[in-house]
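The primary structure of each chain is shown beneath.
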Amino acid sequence: HTSTHTSLGRLATADIERKVGDSLDALTRWTGRTPTLFAYPHGSPDDVSIAAIDGLRRAGLLFAFTTEPRAMTAIPRPGSRAALTAAGSLIRSAA
């Protein structure tokens with residue numbers, strides 16, 4: 001969710017990785033467990049971008065939620081192996 005509640009959809013990859021990484025580090029310290037689920041800060045489709053998907057996947061997150069009651073999809077940019085499918089959003093490698 002990130003501690004700053006910034007929409008990930010408009011951030012550069014480095015900013016996404018820093019915000020998500022800082023939040024995951026804090027949660028891991030507090031709980032002793034590394035999170036594998038993520039809630040997009042604003043929960044809207046505007047939060048979802050290929051850069052956000054890539055950053056969440058690289059951070060080790062497996063599933064990300066929006067507030068949309070439907071499946072979210074995104075088409076990876078050429079050369080990207082990220083894919084977004086299923087209810088909310090499932091982060092996985094594209095075949």
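Check the entry above for the structure.
Residues numbered from 1 in each chain as written. Predicted model: local features only at pLDDT ≥ 70, side-chain atom pairs only at ≥ 80, totals over all residues. Heavy atoms only, no water.

Draft legend 1. Up close: the overall build of the protein chain. Across its full length, the protein chain carries two helices and four strands. Beginning at the N terminus, the succession of helices and strands in the protein chain can be written as α-β-α-β-β-β. Across the protein chain, every contact between residues at least 6 apart in sequence was considered, and the portion connecting residues at least 24 apart equals 61%. Carbon and sulfur atoms make up 58% of the accessible area of the protein chain, which totals about 5,300 Å². (Helix = DSSP H or I, 4+ residues; strand = E, 2+ residues; numbered from the N terminus. Contact = heavy atoms within 4.5 Å. Areas by Shrake-Rupley, 256 points an atom, 1.4 Å probe, with all protein chains shown as cover.)

Draft legend 2. Structural context of helix H1 (residues 13-31). With 19 residues, H1 should cover 27 Å at 1.5 Å per step; its first-to-last C-alpha distance of 26 Å lies within 8% of that length. Among the residues of H1, Ile16, Lys19, Val20, Ser23, Leu24 and Ala26 are the ones counted as buried. Taken down its axis, H1 places every buried residue within 160 degrees of arc, on the same side. Opposite the buried face of H1, by more than 90 degrees, sit the exposed residues Ala14 and Arg29. Count one or two residues on from H1 and you reach glycine 32, which has phi positive near 80 degrees. (Expected span 1.5 Å × (residues − 1). Buried < 20%, exposed > 50% of the residue type's maximum accessible area, 1.4 Å probe, protein only. Arc of directions from axis to C-beta.)

Draft legend 3. Just the packing of aromatic side chains, in detail. This model, assessed by the stated rule, comprises two aromatic pairs. Aromatic side chains phenylalanine 38 and tyrosine 40 sit 5.6 Å apart centroid to centroid with 90 degrees between the ring planes, which places their arrangement in the edge-to-face category. Using a relative accessible area of 2% as the deciding quantity, one classes tyrosine 40 as buried. (Phe/Tyr/Trp six-rings, centres within 6.5 Å; stacked < 30°, edge-to-face > 60°.)

Draft legend 4. Geometry of the nonpolar core. Counting 15 residues, the largest nonpolar core has Leu8, Ile16, Val20, Phe38, Tyr40, Leu56 and Leu61 as the members making the most contacts within it. Secondary-structure elements contributing two or more residues to this core are H1 and helix H2 (50-58). By residue number, the principal contributor to this core is H2, which donates five residues. (Core = buried A, V, L, I, M, F, W, Y, C linked by side-chain atoms within 4.5 Å.)

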